[in-house]
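Each chain, written out:
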Amino acid sequence: MQFARINDVTIHYQVIGAPADRPVIVFTNSLGTDFRIWRDVVVRLAGEFPIVLYDKRGHGLSDLGQLPSSIADHATDLAGLLDLLSVKKAVVCGLSVGGLIAQSLYQRRPDLVSALILCDTAHKIGTAESWNARIAAVEKNGIGSIVDAIMERWFTPAFRRPENTAYSGYCNMLTRQPVEGYVAACAAIRDADFTETAKTITVPTICVVGDQDGSTPPDLVLSTAKLIPDARYEVIPNCAHIPCVEQPEALTAVIRAFLTSITPGENSP
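### Re the packing of helix 5 (residues 147–154) against helix 6 (residues 165–175)
Running from N to C, helix 5 and helix 6 cross one another at 120°; their axes reach a closest spacing of 11 Å. Taken together, the axis directions place helix 5 and helix 6 in an arrangement best described as oblique. Handedness of the crossing formed by helix 5 with helix 6: right-handed. Where helix 5 abuts helix 6, its residues V147, I150, M151 and W154 lie against Y167, Y170, C171, L174 and T175.

Laid out in structure tokens, this is it:
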């Protein structure tokens, strides 16, 4: 395991090497998860592209950090990690809140971003009322009290079968996240609005969404793609909010095709 002290926060991360002439992909994960959600995508890309994974503050094995925290704080953490690793011009692939962090990183440190893969995310996610209600529920009754409702948004009915042991495992992942970290991230999402930032993005961008996403539905993701100049839009069938878990082959194919299309020389005979 690898750890770094960034902005007075201990960040858990992993680096997987590959040829130095290939673009670095940075994966930033969703609310209530840690970077293990990317495993089935990473194993398909390992050796082909250098990869950076990390647990955002308040999740996984990373510190909570000072509260309250904002999406800008998360982006500053990521910038500090990339600076530490001497990573420049990365392809940032962010899922849900990870997509907000990716947009914030572009806003604050465009020198670190060569392209964006915005998965199941938007320029603004949810309303103040919905996030305040979730925060209140978790603070009163714990994350376990909202598991069923969250899983209905994360995964399709086909994945939520009782006999699917992976489904049980992801329920465990959610409930074992630190409550303070989860609540802090909810508040950060509530207060984030990248509507104007999205309009200024000039790097190649693709917005990807599961066709049954209950957290950031296709129409919302499409509205974000329309804000970003020349952004592409892709829908993954038979998938809800976390395609890297439910449809990793399809998501990997989207990522690989996108990178091939934007990498000089990739289409040369």
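So much for the structure itself; the text now carries on.
### Notes on the pairing of strand 1 (residues 2–6)
Relative to strand 2 (residues 9–16), strand 1 is paired through 5 bridges, and the arrangement is antiparallel. Residue pairing for strand 2: F3 is matched across the bridge by H12. The hairpin turn running from strand 1 into strand 2, its antiparallel successor, is 2 residues long, and N7 in that turn takes a positive phi close to 55°.

### A closer look at the layout of surface pockets
In this structure, the largest pocket spans a volume of roughly 350 Å³. Around the largest pocket sit 20 residues that line it, and I125, W131, R134, R153 and S215 are the ones nearest its centre. Breaking the lining of the largest pocket down by element, the ones donating at least two residues are helix 4 (128–141), helix 5 and helix 7 (179–190). With 4 residues, helix 5 is the largest single contributor of residues to the lining of the largest pocket. Classifying every residue of the lining of the largest pocket gives 10 nonpolar, 8 polar and 2 charged.

### A short note on the pattern of salt bridges
The tally for this structure, following the rule as stated, stands at 11 salt bridges. R190 serves as the salt-bridge partner of D191, at 2.8 Å between the closest nitrogen and oxygen. Using a relative accessible area of 24% as the deciding quantity, one classes R190 as partly exposed. K199 is the salt-bridge partner of E196, the closest N and O atoms lying 3.2 Å from each other. With E196 and K199 both in helix 8 (residues 195–199), this residue pair falls 3 residues apart, about one helical turn. One connected set of salt bridges, linked through shared partners, spans D83, R109 and D111.

### Considerations on the sheet that holds strand 7 (residues 205–210)
Ordered in space as 1-2-4-3-5-6-7-8, the 8 strands form an open sheet in which the pairing is mixed. In the strand order of this sheet, the two ends are held by strand 1 and strand 8 (232–236), each with one partner. Across the sheet, the axes of successive neighbouring strands diverge by a mean angle of 25°, strand direction being ignored. Here strand 6 (residues 113–119) pairs with strand 7 via 4 bridges, running parallel. Residue pairing across strands places I117 opposite I206, the latter belonging to strand 7.

### Topic: a nonpolar patch on the surface
A cluster of nonpolar side chains, contributed by M1, F3 and L61, occupies part of the molecular surface with about 360 Å² of accessible area. Mapped onto the secondary structure, F3 falls in strand 1.

### Section: the side chain of H123
Note that H123 resides in the loop between strand 6 and helix 4. There is a polar contact of 2.8 Å between the side chain of H123 and the side chain of T224.

### Quick notes on the nonpolar core
With 94 residues, the main nonpolar core has F27, W38 and I255 as its most contacted residues. Sorting elements by how many residues they give to this core places helix 7 first, with 7 residues. Apart from residues lying up to four places away in sequence, I255 is in contact with I25, F27, V41, L45, C93 and I117.

### Quick word on helix 4
Given a rise of 1.5 Å per residue, 14 residues ought to cover 20 Å, and the 20 Å separating the end C-alpha atoms of helix 4 matches this to within 8%. For helix 4, the complete set of buried residues consists of W131, R134, I135 and V138. Taken down its axis, helix 4 places every buried residue within 100° of arc, on the same side. For helix 4, the exposed residues set more than 90 degrees away from the buried face come down to E129, K140 and N141. Tucked into the core, helix 4 has its buried residues touching helix 5 and helix 7.

What counts as what
- Residues numbered from 1 in each chain as written.
- Predicted model: local features only at pLDDT ≥ 70, side-chain atom pairs only at ≥ 80, totals over all residues.
- Heavy atoms only, no water.
- Axes fitted to C-alpha atoms, helices over the stretch in contact; angles between N-to-C directions.
- Helix = DSSP H or I, 4+ residues; strand = E, 2+ residues; numbered from the N terminus.
- Parallel < 35°, antiparallel > 145°, perpendicular 65-115°, else oblique.
- Left-handed = near helix turned anticlockwise from the far one by under 90°.
- Contact = heavy atoms within 4.5 Å.
- Pairing = 2+ DSSP bridges.
- 1 Å grid on protein atoms, 1.4 Å probe; cavity = no way out; pocket = protein on both sides within 12 Å on 5 of 7 lines; lining within 4 Å.
- Points joined across faces, edges and corners; volume = space filled by probe spheres on them.
- Nonpolar A, V, L, I, M, F, W, Y, C, P; charged D, E, K, R; others polar.
- Salt bridge = Lys/Arg side-chain N within 4 Å of Asp/Glu carboxyl O.
- Buried < 20%, exposed > 50% of the residue type's maximum accessible area, 1.4 Å probe, protein only.
- Patch = residues over 30% accessible without salt bridge, like charges linked within 9 Å, V, L, I, M, F, W, Y side chains within 5 Å.
- Areas by Shrake-Rupley, 256 points an atom, 1.4 Å probe, with all protein chains shown as cover.
- Polar contact = N/O pair within 3.5 Å; in protein donor to acceptor, adjacent residues only side chain to side chain.
- Core = buried A, V, L, I, M, F, W, Y, C linked by side-chain atoms within 4.5 Å.
- Expected span 1.5 Å × (residues − 1).
- Arc of directions from axis to C-beta.

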